[in-house]
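# Working through the structure, step by step
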Protein chains: 2
Amino acid sequence: MSISIAVDAMGGDYGPPVTVPAAIAAVQAEPYLSLTLVGQKQILSDALAANGARQNERLTIHHASEVVDMDEPPAQALRKKKNSSMRVAINLVHDGHSQACVSAGNTGALMATARFVLKTLPGISRPAIVSRLPGRRGATYMLDLGANVDCSAELLLQFGVMGSILVEHVQGISAPRVALLNIGVEDIKGNDTIKLAAELFRASNLNYQGFIEGDELYTGAVDVVVCDGFVGNVALKASEGLAQVISESLREEFRRHWWRQLSALFALPALNGLRRRFDHRRYNGATLIGLHGTVIKSHGGADALAFQTAIFEAATEVREQVTENIIAELQSMLSQA
Amino acid sequence: MSISIAVDAMGGDYGPPVTVPAAIAAVQAEPYLSLTLVGQKQILSDALAANGARQNERLTIHHASEVVDMDEPPAQALRKKKNSSMRVAINLVHDGHSQACVSAGNTGALMATARFVLKTLPGISRPAIVSRLPGRRGATYMLDLGANVDCSAELLLQFGVMGSILVEHVQGISAPRVALLNIGVEDIKGNDTIKLAAELFRASNLNYQGFIEGDELYTGAVDVVVCDGFVGNVALKASEGLAQVISESLREEFRRHWWRQLSALFALPALNGLRRRFDHRRYNGATLIGLHGTVIKSHGGADALAFQTAIFEAATEVREQVTENIIAELQSMLSQA
């Protein structure tokens, strides 16, 4: 089976210097993969050449003259940049040329464009952003991570259903454990929306585990955590910020004296082991879930290894037919209702 | 100057085995401090004896027959446990016997009881919970951390005013930098409440810095971060959870082989340096702010060192007259309005 993916090669903080080497490495690593690099033709063929590669049947260039800026307002990108690399990559999914697209570009513009071009799945009010968090025992998927600042209880249930299907197929876990993120585990805790959501989750056929608090996000206690996009975005970024500060502080502590620098050499295997566990590059690639098509958002500051992870995430979701499974499950739910 | 503090000696996951040694150490360390241990008399005098101490003029026992359970509903604790160590400790503040109280008990019960007994300050709709986060350059104070799940823009402004006064007096920073926590730094980001709050903050005499995202909580970029209690609670607990998992993982990595265990010995000074920087015990003690009186909430699982930190936090706030300064500032704001 072959999987074809459109890559927004101009998106992200770095653009082609990251996306092109990542694409080259990805097709080398996975023989089933075909990638279409979308962006300014000359820049991309130069970038291929600079990396000792050229176009071939599994790695092609598709010209798109414009680029969406990282801080461009989503509405403006949608209205005015109809030939952006981001828009054209999404169009390729819509046209059936590619089965998924990957972009490290502006999240808001990507979500707005993907919603406009691909449309939301029947039964889903609004798409969400979902990603894996590294955990002590297995990963936990969290959604929404910032697409929806205000969420009704019904919307949270839709997120739960989509998250559960994603994890079931991508991680091969049957009946994934689903929880609602709250500020206490007792039924009386939280706001009215979360209490109503809890009732809907209990009445659903999800493997609902109840409320969890923020300190359970990294323990692997559940497979899917549902929250509104404001809370999810803050929790994710607070964690990224803390991990960054811990990592920098560790470096500072090991540089404080020459004997500490020496000790760092001995400690290197353990420190590298730690880094591998929490390496955000191994967790790169958030899914825009709830759309007619697979769209993966890479971190804007991703390096080539991280961007490759996002490409593989797209390939996995295509192979496991995540979108098709969500559609089927929603239809079965709607027909039961 | 002498400062007298009532200690809920029965509260927390451990009770007297933690609170009593902490109190003994605190009065030994700070000659200006007088502590009243509130709780079951026999248990407390036994605990003093077990730690080689006895009552004296700076360390007394005040009997209270009941104990609020850690998972007891706040309304029930308020109605039915009128002689709990928590309630009596707060009463001592209300009566003017003590200038502050410290409890490691049930947060909801502590807030409900403190509001009921001490009352909210004029001009403040609802009290908040505020605490320090460890930062790369200086600490950042965040509020609310869970007392208020839904917050109006006006309430967020009140939090900003109280947080700014707290930091000004406790940290000695004039015109502390205040920011709103949001999911993007652009004006268009966030929900209606946060956008309205931003207008109120801009129009206030706070040193308002605009929006910050979750990844700036630990950089020391601002002195005070304001958010609603749901978001603040999740961000704080997610951070605690991540720090815990990183710390456990580091331990696991250093235990993987005997040579890694050996390397850990050499790395110990740097690892201990890291631990000191992020030691939550050095940051223990959240303030219930906006009340007629100083109430400090210790982490339920605090050890004696951490509980002592919370006692010192209470003493600092009394010495720096945080409550009096908030009242004066609110009066001046109200008279200007």
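Residues numbered from 1 in each chain as written. Chains lettered and ligands numbered in written order. Predicted model: local features only at pLDDT ≥ 70, side-chain atom pairs only at ≥ 80, totals over all residues.

### Things to note about the domain arrangement of chain A
Residues and elements named next belong to chain A. Put simply, the test is: An automatic or database domain assignment supplies the residue ranges for each domain. Contact between residues is assigned whenever the C-beta positions, reconstructed from backbone atoms, fall within 7 Å. Runs of H or I in DSSP of at least four residues are treated as helices and runs of E of at least two as strands, each being numbered from the N terminus.
Here the domain parsing of chain A yields domain 1 (1–123 + 290–320) and domain 2 (125–285). The C-alpha-based centres of domain 1 and domain 2 are spaced at 25 Å. Counting residues at the interface gives 20 residues for domain 1 and 13 residues for domain 2. Counting only elements with at least two residues in the side of domain 1 that touches domain 2, the list comes to α5 (107–118), β11 (294–297) and α10 (304–319).

### Here we look at the packing of helix α6 (residues 153–170) of chain B against helix α7 (residues 192–203) of chain B
Residues and elements named next belong to chain B. Short version of the rule: The convention used is that axes are lines fitted to C-alpha atoms, helices contributing only their stretch in contact, and that angles between N-to-C directions extend from 0 to 180 degrees. Every angle not falling under 35 degrees, over 145, or within 65 to 115 is termed oblique; those three ranges are roughly parallel, roughly antiparallel and roughly perpendicular. Helix crossings are classified by the rotation of the near helix relative to the far one: an anticlockwise turn of less than a right angle makes the crossing left-handed, while a clockwise turn makes it right-handed. Only Asp, Glu, Lys and Arg are considered charged in this grouping, and only Ala, Val, Leu, Ile, Met, Phe, Trp, Tyr, Cys and Pro are considered nonpolar; every other residue, Gly among them, is considered polar.
Their axes nearest at 8 Å, the elements α6 and α7 cross at an angle of 50°. When the axis of α6 is compared with that of α7, the two are oblique. In this structure, α6 crosses over α7, and the sense of that crossing is right-handed. Facing α6, whose interface residues are A153, E154, L156, L157 and G160, α7 presents T193, L196, A197, L200 and F201. Each residue belonging to the contact of α6 with α7 can be placed in one class, and the counts come to 7 nonpolar, 2 polar and 1 charged.

### Some remarks on the packing of helix α1 (residues 16–29) of chain B against helix α2 (residues 41–50) of chain B
Residue and element names in this part refer to chain B. Orientation of α1 relative to α2, taken along the N-to-C sense of each, is 60°, at an axis distance of 10 Å. By the angle between their directions, the pair α1 and α2 is classed as oblique. Between α1 and α2 the crossing geometry is right-handed. Where α1 abuts α2, its residues P16, P17 and V20 lie against I43, L44, A47 and L48. Its residues assigned to classes, the contact of α1 with α2 shows 7 nonpolar, no polar and no charged.

### Brief notes about the sheet that holds strand β2 (residues 33–39) of chain B
Residues and elements named next belong to chain B. As a reminder of what qualifies: When DSSP finds at least two bridges between two strands, those strands are taken to pair.
Reading across from one edge, β3-β2-β1-β4-β11-β10-β5-β6-β9-β7-β8 is the order of the 11 strands in this open sheet, with mixed pairing throughout. The sheet is open, and its two borders are formed by β3 (59–63) and β8 (207–212), each paired with just one other strand. On average, each strand axis in the sheet is tilted by 25° relative to the strand beside it, whichever way the strands run. Where strand β5 (residues 128–133) lies against strand β6 (residues 140–143), 4 bridges are found, and the strand directions are antiparallel. Paired with S131 across the bridge in β6 is M142. Together, β4 (100–103), β10 (286–289) and β11 (294–297) form the strand contacts of helix α5 (residues 107–118), whose direction differs from that of β11 by roughly 175°.

### Focus on the sheet that holds strand β10 (residues 286–289) of chain A
Residues and elements named next belong to chain A. Spatial ordering of the open sheet is given by β3-β2-β1-β4-β11-β10-β5-β6-β9-β7-β8, a layout of 11 strands whose pairing is mixed. In this open sheet, the two strands that pair with only one neighbour each are β3 (59–63) and β8 (207–212). Each adjacent strand pair in this sheet contributes to an overall mean axis angle of 25°, direction not counted. Relative to strand β4 (residues 100–103), strand β1 (residues 3–8) runs parallel, the two being bridged by 4 bridges. Paired with D8 across the strands is S103, a residue of β4. Seen against the sheet, α5 touches β4, β10 and β11 and runs at an angle of roughly 175° to β11.

### Some remarks on the relation of the copies chain A and chain B
Note the following rule: In this comparison the copies share one frame, found by least squares on the C-alpha atoms of residues holding pLDDT of at least 70 in both.
Mapping chain A onto chain B calls for a screw motion: a turn of 180° about the axis and a shift of 0.0 Å along it, with 0.0 Å RMSD after fitting. What the rotation and shift describe, once combined, is the action of a two-fold rotation axis. The overlap is high: 100% of the interface residues of chain A also sit at the interface in chain B, so the same surface is used on both sides.

### Here's the deal with unusual backbone geometry
All names here are of chain A. Residue D144 follows L143 across a cis peptide bond; omega there is 0°. Turning to its location among the elements, D144 is positioned in the loop between β6 (140–143) and α6 (153–170). You will see that A175, though not glycine, has its phi angle at about 50°, which is positive. Here A175 lies in the loop between α6 and β7 (177–181).

### Comments concerning α6(A)
Residues and elements named next belong to chain A. Just so we agree on the cut-off: The span you would expect from a helix comes to 1.5 Å times its residue count less one. Every C-beta atom is placed from the backbone, and the number of other C-beta atoms within 10 Å of a residue's own sets its class: buried at 20 or more, exposed at 12 or fewer, partly exposed in between.
Here α6 spans 26 Å end to end across 18 residues, near enough to the 26 Å set by a 1.5 Å rise per residue. For α6, the buried fraction is high: 15 of the 18 residues fall into the buried class. In the stretch just after α6, G172 is the one whose phi turns positive, near 65°.

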